[in-house]
Each structure stands twice: as structure tokens, then as C-alpha cells.
Amino acid sequence: MTAITRLRRQGIPDRLAEELMSFIFKNGYKPGDKLPSTKKLSEMFGVGYPTLREALKMLETVGALVIQHGSGIFVSDQVEDWFITNPMNRKPSPKILLDHLQVMSVLEPQALLLLSQRATEEDLLYLEDLVSQEAELVGDPRVVDLHMKFHIFTAKASGNIVLYELMKVTSKVFAQEEELLPKLIPVSEKDYQVRAAITKALREKNGELAAQLIREHLLEAIEALKKSLIESGEVI
């Protein structure tokens, strides 16, 4: 295990939080791994429990750690995220949903272009499985969850870390509106057809077509959402 640098000044939770994150990465902790007890951590870093508790709370707030009272401190699956959403932010409005779609119309075509150049057979089989599941839920609002998995995965498989992280953050905002979206833009069979066509284009390594399909699909969704918001009296 990598040696610990004891803090010279105590009572500095933000610095301790940085040291804890460094400790996690240097020692190869992965999501789900359990950290040493608070007693052990206090001894390792040479700090008192109140300081440690505040630092741990900071890391829990940003999603790096999961603290389960009675069970221990665990590394979160968000520990390697570069960007985080504001945990105290209010629920996004329909206008935020519109802004989200506009951002996606820029990011997603690029993700598909990159993915077309590097997609593995495993990647393609996963996307085809999602499309197959979607085919069974055409017209069902529950299909929105599959849509999100599809789009986040294409960003991840593109190999561009920043693009993937941006997609994850914006999709977290989008997820809070998943009940509202089908009401504003009804889920249709065309949604399934577009994703099926995109997956087929990726298998054929036709990135330009895949990018064109998602761009046109999102632009149509943007116009439909604008119309729905105007009709409902929303200011956009």
C-alpha cells in the first residue's frame, strides 16, 4: 500500500478530502471497494474524527463516496467522474429540457462518428440488445430509460472521456424529466426506428449516416418540444 503523507495542519477538511481522493486512486480502490474504518483513517492521516467526518461528508456530497452507517465507507461508482451535477439544484424546468436536447444535438453526432471508427463486436451486440428491448416497449413511456442507456453508452464507447462525462452530466438532468418528456413529446415507433437505423449504420461503419440520423432526430424533437411548450404557455 502506498505510504500516507500525514497532514501537518489539522482542521482543514478540504485538504483532507483531497488527500483521501489521492489515497483512493494511488491504492487502486475501485467502485464498491470498502475503505478502512474511520478510526484507521484518522490514525493514518493524523487528524481528529470531526475533521475526518467533515471531509468524508464532502466526498459523499460530490458522489465520490457512499457512507453506510453500520457497514462502512465505500467508493462510489461516480468516483472517477470529472463533472458533477449540483446536488442542491432544483428540479429542471421544461426549458432546461429543451436546452438539454439542443446540447445533445451537438454532442451525439460527434459521439457516433467516433464510435463508428472503434466499435467492437461487444459494443454492437449491446446496442442491438437495447434496440431489441425497445422494440417490445414501443409507445410505452418506460422506454425512456432504454433511450438514455443507448445514448450514454454510445458516448462511453466513443472513447472520448470528456464527451462521455458531459453526456452523463446532462443526462442526469434529463433523467429528472423522464416523466415529463413523454407528455410533451409522445414516445412513438419512430424513436425505435431511428435507434435501430443508427445501430445498423454503426455495424456497417457508416458514421456519417449514424450522425445524420441522430442529428435529424434530435432537431425534430427540439421543434416538437418548442411547439408543445408554446401551446402550454411556457416562455422559451
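All values reported here derive from a predicted model rather than from experimental measurement.

Undergrad: Which parts of the structure should I look at to understand the side chain of Asp-191?
TA: Along the chain, Asp-191 turns up in helix α9 (residues 189–203). A polar atom in the side chain of Asp-191 sits 3.3 Å from the side chain of His-217.

Undergrad: What's the story with unusual backbone geometry in this structure? I'm lost.
TA: Backbone phi values are negative for most residues with the exception of glycine, while trans is the configuration of most peptide bonds. The backbone phi angle of Lys-205 is positive, close to 60°, even though this residue is not glycine. Within the secondary structure, Lys-205 sits in the loop between α9 and α10 (207–231). Look at Lys-205 and you get exposed, because its relative accessible area is 58%.

Undergrad: I tried to follow the packing of helix α2 (residues 38–45) against helix α3 (residues 49–61) on my own but got confused; where do I start?
TA: For any two helices packed against each other, the geometry comes down to the angle between their axes and how far apart the axes lie. Where α2 contacts α3, the axes come no closer than 10 Å and their chain directions differ by 105°. The angle between the axes of α2 and α3 places the two elements in the roughly perpendicular class. Contacts from Thr-38, Leu-41 and Ser-42 of α2 reach α3 at Tyr-49, Leu-52 and Leu-56. For the contact of α2 with α3, the per-class residue count stands at four nonpolar, two polar and no charged.

Undergrad: Just checking my understanding: could you explain the pattern of salt bridges for this structure?
TA: For side chains bearing opposite charge, pairing can occur when the charged atoms are close. Applying the stated criterion to the full structure yields eight salt bridges. We note a salt bridge from Glu-134 to Arg-195, for which the minimum N-O separation is 3.3 Å. In this pair, Glu-134 sits in helix α5 (residues 121–135) while Arg-195 sits in helix α9, placing the two residues 61 residues apart along the sequence. Of the two residues, Glu-134 and Arg-195, both sit in the buried class. We note a salt bridge from Asp-145 to Lys-149, for which the minimum N-O separation is 3.7 Å. Here Asp-145 and its partner Lys-149 are both found in helix α6 (residues 144–157), four residues apart, which amounts to about one turn of the helix. The exposure class assigned to Lys-149 is partly exposed, which follows from its relative accessible area of 40%.

Undergrad: Is there a simple way to explain the pairing of strand β1 (residues 65–68) in this structure?
TA: Regular strands have side chains that alternate between both faces of the sheet. As paired elements, β1 and strand β2 (residues 72–75) share four bridges and run antiparallel to each other. Bridging from a neighbouring strand, Val-66 pairs with Phe-74 of β2. Hairpin geometry of β1 and β2 is characterised by an intervening segment of three residues between the two adjacent antiparallel strands and by a positive phi of about 95° at Gly-70.

The rules behind these values
Residues numbered from 1 in each chain as written. Predicted model: local features only at pLDDT ≥ 70, side-chain atom pairs only at ≥ 80, totals over all residues. Heavy atoms only, no water. Helix = DSSP H or I, 4+ residues; strand = E, 2+ residues; numbered from the N terminus. Polar contact = N/O pair within 3.5 Å; in protein donor to acceptor, adjacent residues only side chain to side chain. Buried < 20%, exposed > 50% of the residue type's maximum accessible area, 1.4 Å probe, protein only. Axes fitted to C-alpha atoms, helices over the stretch in contact; angles between N-to-C directions. Parallel < 35°, antiparallel > 145°, perpendicular 65-115°, else oblique. Contact = heavy atoms within 4.5 Å. Nonpolar A, V, L, I, M, F, W, Y, C, P; charged D, E, K, R; others polar. Salt bridge = Lys/Arg side-chain N within 4 Å of Asp/Glu carboxyl O. Pairing = 2+ DSSP bridges.

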